[in-house]
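A structural walkthrough
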Amino acid sequence: MSRFLAISRPLAAATRVQVARSALASRTAVQIRCYSEHHEESFEDFTARFVKFFDNVDDLFELQRGLNNAFGYDLVPSASVIEAALKAARRVNDYPTAVRILEGLKAKANNDALYRQYLEELAPLKAQLGVDTKEELGL
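About the thresholds
Residues numbered from 1 in each chain as written. Predicted model: local features only at pLDDT ≥ 70, side-chain atom pairs only at ≥ 80, totals over all residues. Heavy atoms only, no water. Core = buried A, V, L, I, M, F, W, Y, C linked by side-chain atoms within 4.5 Å. Buried < 20%, exposed > 50% of the residue type's maximum accessible area, 1.4 Å probe, protein only. Helix = DSSP H or I, 4+ residues; strand = E, 2+ residues; numbered from the N terminus. Contact = heavy atoms within 4.5 Å. 1 Å grid on protein atoms, 1.4 Å probe; cavity = no way out; pocket = protein on both sides within 12 Å on 5 of 7 lines; lining within 4 Å. Points joined across faces, edges and corners; volume = space filled by probe spheres on them. Nonpolar A, V, L, I, M, F, W, Y, C, P; charged D, E, K, R; others polar. Phe/Tyr/Trp six-rings, centres within 6.5 Å; stacked < 30°, edge-to-face > 60°. pLDDT = per-residue confidence, 0-100.

A few words on the nonpolar core. If you look at the biggest cluster of nonpolar residues, it comprises 28 residues, and the most contacted ones within it are Phe54, Leu63, Leu67, Ile82, Leu86, Ile101 and Leu105. Those elements that place two or more of their residues in this core are helix 2 (43-55), helix 3 (60-71), helix 4 (79-91), helix 5 (95-109) and helix 6 (112-129). The leading source of residues in this core is helix 4, at eight residues. With sequence-adjacent residues up to four places away left out, leucine 86 is seen in contact with Ala98, Ile101, Leu102, Leu125, Leu129 and Val131.

Printed below as a string of structure tokens:
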């Protein structure tokens, strides 16, 4: 009988520890789920955030990172965001990135009429900066 108690006590203690660990793990999982709330950003907030970002860009890496983030959303950035990005490309003196911005705009617009509207709105800036589209370059 004493042999049985000698074996069962450590097993019971180990079981209590295991139950306590699983209870702690389940509480941790619940706490993690509480932090999964996301703030819905409006289109105006999105536009203001990226215009401010591109206005403060001072190197090519930051510009490309910002473009990747801006074009990664499921929306077409506003003309003011594209304008700020083109100005940033000029500021860091990178013509190929400026052409790629317009190419990315065409891909995101996914509609020739919408793309032409953007180009019409950006025409004065394109002329001022000397930026051409891929099609205008014959590529």
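To locate leftover empty space, one rolls a probe as large as a water molecule over the atoms. For the largest pocket, the calculated volume is near 170 Å³. Looking at the largest pocket, the residues that line it are Gln64, Leu67, Asn68, Phe71, Thr97, Arg100, Ile101 and Gly104. Looking at the lining of the largest pocket residue by residue, the classes come out as three nonpolar, four polar and one charged.

With that settled, consider the packing of aromatic side chains. Under the definition given, this model contains six aromatic pairs. With 5.1 Å between their ring centres and 75 degrees between their planes, phenylalanine 46 and tyrosine 73 make a pair best called edge-to-face. Here phenylalanine 46, found in helix 2, pairs with tyrosine 73, found in the loop between helix 3 and helix 4; they are 27 residues apart in sequence, far enough to count as distant. Classification of tyrosine 73 by relative accessible area gives partly exposed; the value is 35%.

The next thing to look at is the environment of phenylalanine 43. Its place among the elements puts phenylalanine 43 in helix 2. Each C-alpha atom of the pair phenylalanine 43 and valine 76 lies 9.9 Å from the other, and the pair is 33 residues apart in sequence.

Before going further, it helps to examine the confidence of the model for the protein. With 73% of its residues at a pLDDT of 70 or more, the protein has an overall mean of 84. Confidence scores differ between elements of the protein, with helix 1 (residues 2-34) showing the lowest mean pLDDT of 54 and helix 4 the highest of 97.

A positive phi angle is found at asparagine 93, which is not glycine, with a value near 60 degrees. Relative to the elements of secondary structure, asparagine 93 occurs in the loop between helix 4 and helix 5. The exposure class of asparagine 93 is exposed, given its relative accessible area of 59%. For asparagine 110, which is not glycine, the phi dihedral falls at a positive 55 degrees.

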